[in-house]
Amino acid sequence: MAGFKAAFMNEAVKLLKKKKMMAAAILSILAVMIGQIAVTTIKHGLGLRVVGSVEFPIVVLSFIAYTLLPLFAIFVAIDMFNGESSSNTMKITLLRPVSRFGVFSAKVLNLALFIAGNLLFVMVLSLLAGFIFNPSSASLLGIVKVIVSYGLTFFPVFVFALIVVLLSNVIQGGLAVFFLSILVFIGFNFLGIVFSSYSSFFITSMFDWYTLWISESINVFKIFRQILIMSGCGIMLFTTGYYLFDSKDI
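Residues numbered from 1 in each chain as written. Predicted model: local features only at pLDDT ≥ 70, side-chain atom pairs only at ≥ 80, totals over all residues. Heavy atoms only, no water.

The name given to the chain in an unreviewed UniProt entry is ABC transporter permease subunit, and the organism recorded there is Paenibacillus germinis.

Right under this line is the structure:
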């Protein structure tokens, strides 16, 4: 554990120094601001109340879950593996008294924390914006639904990020991994629409699975099935990714 903790702290420090963290924060703020401006314009321009204070964060989530969040997860995953391999900093990391499994686990854990932190940041911003511009519609149940929705979105996005980790350990070039990840993202969404009966097997179609949890009638069987699918895919992707990372000649 001592080696793993050191590797984890090392990866966390490197991640915090990346410009991608600042870019993710700025784009997240812009997404919330643009969303709130659009809602306010419709409300005052047309006299329509589009969403309330606790409904606005769900609208923001439905946007970033399919755009900014997976995009930055792709960037971070590529930078952690392909970026360090190309700059030869991976060799320095592996020279330390820590196993490859420890290094791989530390990188994946930091990737998970990045996704969770991004979701938490956007959730707090959107809640504050909703309370400031429409405080009358706030409710405790609505806040709970927002927290649940953002928390649940973490799992499918993290599993998709593990696909990028796998690709990063198969292909050397970061640019090639980026475009292939985008193609996988688009392909999964397309297949999820065409083969709607099997959409649960395409991870990207579950980015909005939080709607199953906050709807008036909860489909327990479908939720349980999607949990099993995500868990199975996550375990297989993590194991395969580590096998490729461990066997790679760095």
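Visitor: Describe the overall build of the chain, listing the residues and the values that go with them.
Guide: Secondary structure assignment for the chain yields ten helices and zero strands. In sequence order, the secondary structure elements of the chain are arranged as α-α-α-α-α-α-α-α-α-α. Counting every position in the chain, which comprises 250 residues, the buried fraction comes to 43%. For the chain, contacts bridging at least 24 residues in sequence account for 81% of all contacts bridging at least 6. (Helix = DSSP H or I, 4+ residues; strand = E, 2+ residues; numbered from the N terminus. Buried < 20%, exposed > 50% of the residue type's maximum accessible area, 1.4 Å probe, protein only. Contact = heavy atoms within 4.5 Å.)

Visitor: Describe empty space enclosed by the protein, with residues and values.
Guide: Which parts of space are left empty comes out when a probe the size of a water molecule is rolled across the atoms. Applying the stated criterion across every chain yields a total of two cavities of 30 Å³ or more. Looking at the second largest cavity, its volume works out to about 30 Å³. Lining of the second largest cavity is provided by Ser-28, Ile-64, Leu-68, Leu-69, Asn-118 and Val-122. Looking at the lining of the second largest cavity, the elements with two or more residues in it are helix 4 (68-86) and helix 6 (100-133). Per-class residue counts for the lining of the second largest cavity are four nonpolar, two polar and no charged. (1 Å grid on protein atoms, 1.4 Å probe; cavity = no way out; pocket = protein on both sides within 12 Å on 5 of 7 lines; lining within 4 Å. Points joined across faces, edges and corners; volume = space filled by probe spheres on them. Nonpolar A, V, L, I, M, F, W, Y, C, P; charged D, E, K, R; others polar.)

Visitor: Got a sec to walk through the environment of Gly-173? Specific residues and values, please.
Guide: Position of Gly-173 relative to the elements: it lies in the loop between helix 7 (140-168) and helix 8 (174-194). A residue is classified by how much of its surface remains accessible, and Gly-173, at 33% relative accessible area, is partly exposed. Distance from Gly-173 to Ile-78, taken between C-alpha atoms, is 9.2 Å for residues 95 residues apart in sequence.

Visitor: Can you tell me about the layout of surface pockets, naming the residues and giving the values?
Guide: By volume, the largest pocket is sized at about 210 Å³. Leu-16, Met-21, Leu-113, Phe-114 and Gly-117 are the residues nearest the centre of the largest pocket, which is lined by 13 residues in total. Here the element with the most residues in the lining of the largest pocket is helix 6; it accounts for six residues.

Visitor: Run through the packing of helix 6 against helix 7, naming residues and quoting values.
Guide: Interaxial distance between helix 6 and helix 7 falls to 9 Å at its minimum, and their mutual angle equals 150 degrees. Every pair of crossing elements has a handedness; the one defined by helix 6 and helix 7 is right-handed. Contacts between helix 6 and helix 7 involve Phe-104, Val-108, Leu-111, Ala-112, Ile-115, Ala-116, Leu-119, Val-122, Met-123, Ser-126, Leu-127 and Phe-131 from the first element and Ile-143, Val-146, Ile-147, Tyr-150, Thr-153, Phe-154, Val-157, Phe-158, Ala-161, Leu-162 and Val-165 from the second. Split by residue class, the contact of helix 6 with helix 7 holds 21 nonpolar, two polar and no charged. (Axes fitted to C-alpha atoms, helices over the stretch in contact; angles between N-to-C directions. Left-handed = near helix turned anticlockwise from the far one by under 90°.)

Visitor: Please set out the UniProt feature "transmembrane region" (unreviewed entry) in the chain residue by residue, giving values where relevant.
Guide: In the numbering used here, UniProt assigns the "transmembrane region" (unreviewed entry) feature to residues 21-39, 59-81, 108-133, 139-167, 174-203 and 223-245. What you have in residues 108-133 is 100% helix and 0% strand, and the ends, taken at the C-alpha atoms, are 38 Å apart. Counted over residues 174-203, helix gives 70% and strand 0%. Its end C-alpha atoms are 22 Å apart. (UniProt positions renumbered as here; feature names shortened; annotations may be inferred.)

Visitor: Could you give an account of the nonpolar core, with specific residues and numbers?
Guide: Among the nonpolar cores identified, the biggest contains 67 residues, and Leu-111, Ile-115, Tyr-150 and Phe-160 are the most heavily contacted of them. When residues no more than four places from it in sequence are discounted, the contact partners of Phe-160 are Pro-70, Ile-74, Ser-181, Val-184, Phe-185, Ile-203, Thr-204 and Phe-207. (Core = buried A, V, L, I, M, F, W, Y, C linked by side-chain atoms within 4.5 Å.)

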